[in-house]
Amino acid sequence: MGSTKEDIGGKPSAGDALAAVSPAGDRPWYKQGHLLGLNLIILSLALDQWKIFMNNPTGAKFGWLNMIYWLGCGVGYPTASCGLPTSMAASPAASAAAKPGPAH
């Protein structure tokens, strides 16, 4: 499915570079106390900046901001999950076989 180093001329991929500088370990970030604390600090700062940017919303304005998120989800989910037309939903092999060849 993916390309190998031989496919791209032996150049290391971005994943290789990221793996080289990432700490080794099998625990996810949310189970590591120092990373969890760091993310909570970042979240707190982001929320403070959001409140300032949004002019500290309260009451009806805050309720409206919460409502439009869920309204967007309610409209977007059925739209996204309605599916593709049958000509686009076929497997790549079936689509390739169904496409006409070049005109002779």
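Rules used in this analysis
- Residues numbered from 1 in each chain as written.
- Predicted model: local features only at pLDDT ≥ 70, side-chain atom pairs only at ≥ 80, totals over all residues.
- Heavy atoms only, no water.
- Helix = DSSP H or I, 4+ residues; strand = E, 2+ residues; numbered from the N terminus.
- Buried < 20%, exposed > 50% of the residue type's maximum accessible area, 1.4 Å probe, protein only.
- Areas by Shrake-Rupley, 256 points an atom, 1.4 Å probe, with all protein chains shown as cover.
- Patch = residues over 30% accessible without salt bridge, like charges linked within 9 Å, V, L, I, M, F, W, Y side chains within 5 Å.
- Salt bridge = Lys/Arg side-chain N within 4 Å of Asp/Glu carboxyl O.
- Phe/Tyr/Trp six-rings, centres within 6.5 Å; stacked < 30°, edge-to-face > 60°.
- pLDDT = per-residue confidence, 0-100.

**Observations regarding the overall build of the chain**
Along its length, the chain carries five helices and zero strands. Each helix and strand of the chain, ordered N terminal to C terminal, gives the series α-α-α-α-α. Counting all 104 residues of the chain, 5% fall into the buried class. Counting only carbon and sulfur atoms, one obtains 67% of the accessible surface of the chain, whose full area is about 9300 Å².

**Considerations on unusual backbone geometry**
Not every positive phi belongs to a glycine, and Asn-55 is a case in point at roughly 65 degrees. If you trace the backbone, Asn-55 turns up in the loop between helix 2 (33-53) and helix 3 (59-81). Look at Asn-55 and you get exposed, because its relative accessible area is 63%. If you check the backbone angles, Asn-56 has positive phi at about 45 degrees while not being a glycine.

**What about a nonpolar patch on the surface?**
Taken together, Trp-29, Tyr-30, Leu-36, Leu-40, Leu-43 and Leu-47 make up a surface patch of nonpolar side chains, about 610 Å² in accessible area. Locating Tyr-30 in the fold gives a position in the loop between helix 1 (14-21) and helix 2. On the accessibility criterion, Tyr-30 (49% relative accessible area) is partly exposed.

**Here's the deal with the packing of aromatic side chains**
For the structure shown, the criterion picks out three aromatic pairs. The interplanar angle of 85 degrees and the centroid separation of 5.8 Å between the aromatic rings of Trp-29 and Tyr-30 together place this pair among those described as edge-to-face. The exposure class of Trp-29 is partly exposed, given its relative accessible area of 46%. Aromatic pair Trp-50 and Phe-62: ring centres 6.4 Å apart, planes at 65 degrees, arrangement edge-to-face. Note that Trp-50 is positioned in helix 2 and Phe-62 in helix 3, a separation of twelve residues in sequence. Using a relative accessible area of 34% as the deciding quantity, one classes Trp-50 as partly exposed.

**Here's the deal with the confidence of the model for the chain**
In the predicted model, the chain carries a mean pLDDT of 79, and 69% of its residues have values of at least 70. In the model of the chain, helix 4 (residues 86-89) stands out as the element of lowest mean pLDDT, 55, in contrast to helix 2, which has the highest, 93.

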